[in-house]
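Residues per chain, in single letters:
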Amino acid sequence: MKHWILPVSLLALAACGHDHGIAGNWNLEAPKDARINHLEFEAGGKRAQLGVVSDKPVHDHVMFEYTETGGAVVLRGTWEGKEVVWNGSLKGEDFVLQGPNGPITFHRGEHKH
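How each quantity is defined
- In this numbering scheme, every chain counts its residues from 1 along its sequence in written order.
- A pLDDT threshold of at least 70 governs which residues receive local features in this predicted model, and a stricter bar of 80 or more applies before side-chain atom pairs are shown or counted, although totals over entire chains, interfaces and linings include all residues.
- With hydrogens and water excluded, all non-hydrogen atoms of the structure serve as input to the side-chain values.
- Helix numbering and strand numbering both begin at the N terminus, where a helix is a DSSP run of H or I of at least 4 residues and a strand a DSSP run of E of at least 2.
- Contacts are assigned to residue pairs with any non-hydrogen atoms lying within 4.5 Å of each other.
- Exposure categories follow from relative accessible area, calculated using a 1.4 Å probe and restricted to protein chains: below 20% of the type maximum is buried, above 50% is exposed, and the middle band is partly exposed.
- Under the rule applied, a polar contact is a pair of N or O atoms within 3.5 Å (in protein, one hydrogen donor and one hydrogen acceptor; residues adjacent in sequence only if both atoms are side-chain atoms).
- Stacked, tilted and edge-to-face pairs are distinguished by plane angle, under 30 degrees for stacked and over 60 for edge-to-face with tilted covering the rest, among Phe, Tyr and Trp rings (Trp via its six-membered ring) whose centres lie within 6.5 Å.

A few words now on the environment of Ile22. Within the secondary structure layout, Ile22 lies in the loop between helix H1 (2-16) and strand S1 (24-30). For Ile22 and Gly71, which are 49 residues apart along the polypeptide, the C-alpha to C-alpha distance reads 7.5 Å. If we ignore the near neighbours within four places in the chain, the residues touching Ile22 are Phe41, Tyr66, Glu68, Val73, Leu90 and Phe95.

It is worth spelling out unusual backbone geometry at this point. The omega angle of the peptide bond from Ala30 to Pro31 is -10°, so this bond is cis rather than trans. Along the chain, the position of Pro31 falls in the loop between S1 and strand S2 (36-41). For Glu80, which is not glycine, the phi dihedral falls at a positive 50°. Turning to its location among the elements, Glu80 is positioned in the loop between strand S5 (72-79) and strand S6 (82-91).

Bringing the environment of Glu83 into the picture now. As for its position among the elements, Glu83 is in strand S6. A relative accessible area of 66% means that Glu83 is categorised as exposed. When near neighbours in sequence (up to four residues on either side) are disregarded, Glu83 contacts Gly77 and Thr78. Within the local environment of Glu83, its side chain forms a polar contact with the side chain of Thr78, the two groups lying 2.5 Å apart.

Applying the stated criterion across every chain yields a total of five aromatic pairs. Note on Trp26 and Phe95: the rings are 6.0 Å apart at their centroids and 55° apart in plane angle, and the pair reads as tilted. Placement of Trp26 in strand S1 and of Phe95 in strand S7 (residues 94-99) is noted, with a sequence separation of 69 residues between them. On the basis of relative accessibility, which here comes to 0%, the residue Trp26 falls in the buried class.

Put into structure tokens, the structure is as follows:
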């Protein structure tokens, strides 16, 4: 029985794969004039940070909470003084958010300014 411990442990690690769900950085793909230019979802958590275009030299950040179930994501937070709920979904390496003015597409990758 001792001989099965290591192979089973390795199999469990291999089963984890590289699927990290929604966690990580997502950069704006389209439309290019969207007010949200990047998203960052906390790994293993419930917080999402939205990079928001502003008239300042640097962009602002807004904190939201999120839930994820099977690739469907719900973001909840305050946007321009109003409580909002936005839905999004994973589409391969893209994340499509039904945001304040319609769909916004983000691509997974390192944070860009």
